[in-house]
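A look at the structure
One-letter residues, chain by chain:
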Amino acid sequence: PTSKAASLLQTFHGKSKLKPRVPENQRTLLRNCMIWTGEENTLNDNNNVATARPAFRGAILLRGNIIEAVLPDGHPLPGNLTDQTCCHAVIDCEPNHSIIPGLVKGHSHTGFQDIVDTRDAGDTPPEEGVLTGVWNAGKLLAAGFTSAFSAAGVRVRQDPVTRDWIN
């Protein structure tokens, strides 16, 4: 592969939640954040119309790579924890940072590039389709998407190979 493609493959190869980047015994506190959870608004009594809970200011406590607590402003940390004693790192999200859940791309074709007509897919070599898939999956990850359903690749097994390179 070209140096750009090789660099890209190295960037995403082996990047899976199977290998935590933060040890499980370390906590991180993200405070003063605008938080949108995407949860259903349980306070809504508007003829059973489903709406999302509004964003709120608060903090998120992480243990390793796992969310341990989501705390609206004014809620104490769990147990006897304080900002000074709880965490390996305390990150202040002020003034304009928000935290949202990972986005899910429900329909994608990560291995497609510059395809205008269905016949164009046949012109893509298998290797190029995989490299394009990794490149496009990287763009999705960088944009905040944590998962995507690739509805079809240019070639058989292209999407599983792309997934395996990232995982």
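Residues numbered from 1 in each chain as written. Predicted model: local features only at pLDDT ≥ 70, side-chain atom pairs only at ≥ 80, totals over all residues. Heavy atoms only, no water.

With respect to the nonpolar core
Of all hydrophobic cores here, the largest spans 8 residues; its members are L29, A59, L61, A69, L71, L77, C86 and C87. Among the secondary structure elements, those contributing two or more residues to this core are β2 (56-63) and β3 (66-72). Within the second largest apolar cluster, 7 residues are counted, among which are I35, F56, L62 and C93. (Core = buried A, V, L, I, M, F, W, Y, C linked by side-chain atoms within 4.5 Å. Buried < 20%, exposed > 50% of the residue type's maximum accessible area, 1.4 Å probe, protein only. Helix = DSSP H or I, 4+ residues; strand = E, 2+ residues; numbered from the N terminus.)

A few points about the environment of C33
Within the secondary structure, C33 sits in strand β1 (residues 27-35). What makes C33 buried here is its relative accessible area of 0%. Sequence separation of C33 and I91 is 58 residues, and the distance between their C-alpha atoms is 9.6 Å. Excluding residues within four positions of it along the chain, C33 makes contact with F56, R57, G58, C93, H97 and I99. (Contact = heavy atoms within 4.5 Å.)

As for the state of the cysteines
Per the counting criterion, the structure on display carries 2 disulfides. Between C86 and C87 runs a disulfide, and the two sulfur atoms are separated by 2.0 Å. Taking the torsion about the sulfur-sulfur bond, which here is approximately -80 degrees, the covalent link between C86 and C87 counts as left-handed. Looking at C87, the relative accessible area reads 18%, which means it is buried. The connectivity of the disulfide-linked cysteines in the chain, indexed sequentially, is 1-4, 2-3. (Disulfide = S-S within 2.5 Å.)

What about the environment of H97?
In this fold, H97 is placed in the loop between β4 (89-92) and β5 (98-99). Since its relative accessible area comes to 48%, H97 is described here as partly exposed. Look past the residues within four positions of H97 in its chain and what remains in contact with it is C33 and M34. From its side chain, H97 meets the backbone oxygen of C93 in a polar contact 2.9 Å long. (Polar contact = N/O pair within 3.5 Å; in protein donor to acceptor, adjacent residues only side chain to side chain.)

What about the environment of I60?
Its place among the elements puts I60 in strand β2. The sequence separation of I60 and I91 amounts to 31 residues, and the corresponding C-alpha distance is 10.0 Å. If we skip the residues at most four places from it in the chain, I60 touches T28, L29, L30, I35, I67, A69, V70 and I99.

Quick notes on the pattern of salt bridges
Applying the stated criterion to the full structure yields 4 salt bridges. The shortest N-O distance in the salt bridge between E94 and R57 comes to 3.5 Å. In this pair, E94 sits in the loop between β4 and β5 while R57 sits in strand β2, placing the two residues 37 residues apart along the sequence. Overall, E94 belongs to the partly exposed group, its relative accessible area being 37%. The partner of R63 in a salt bridge is E68, with the nearest N and O atoms 3.4 Å apart. Taking the relative accessible area as the measure of exposure, E68 reaches 33% and is therefore partly exposed. If you follow the salt bridges from partner to partner, you end up with R27, R63 and E68 in one network. (Salt bridge = Lys/Arg side-chain N within 4 Å of Asp/Glu carboxyl O.)

Description of the confidence of the model for the chain
With 78% of its residues at a pLDDT of 70 or more, the chain has an overall mean of 76. By mean pLDDT, the top-scoring element of the chain is β1 (90), and the lowest-scoring one is helix α1 (residues 3-12) (52). (pLDDT = per-residue confidence, 0-100.)

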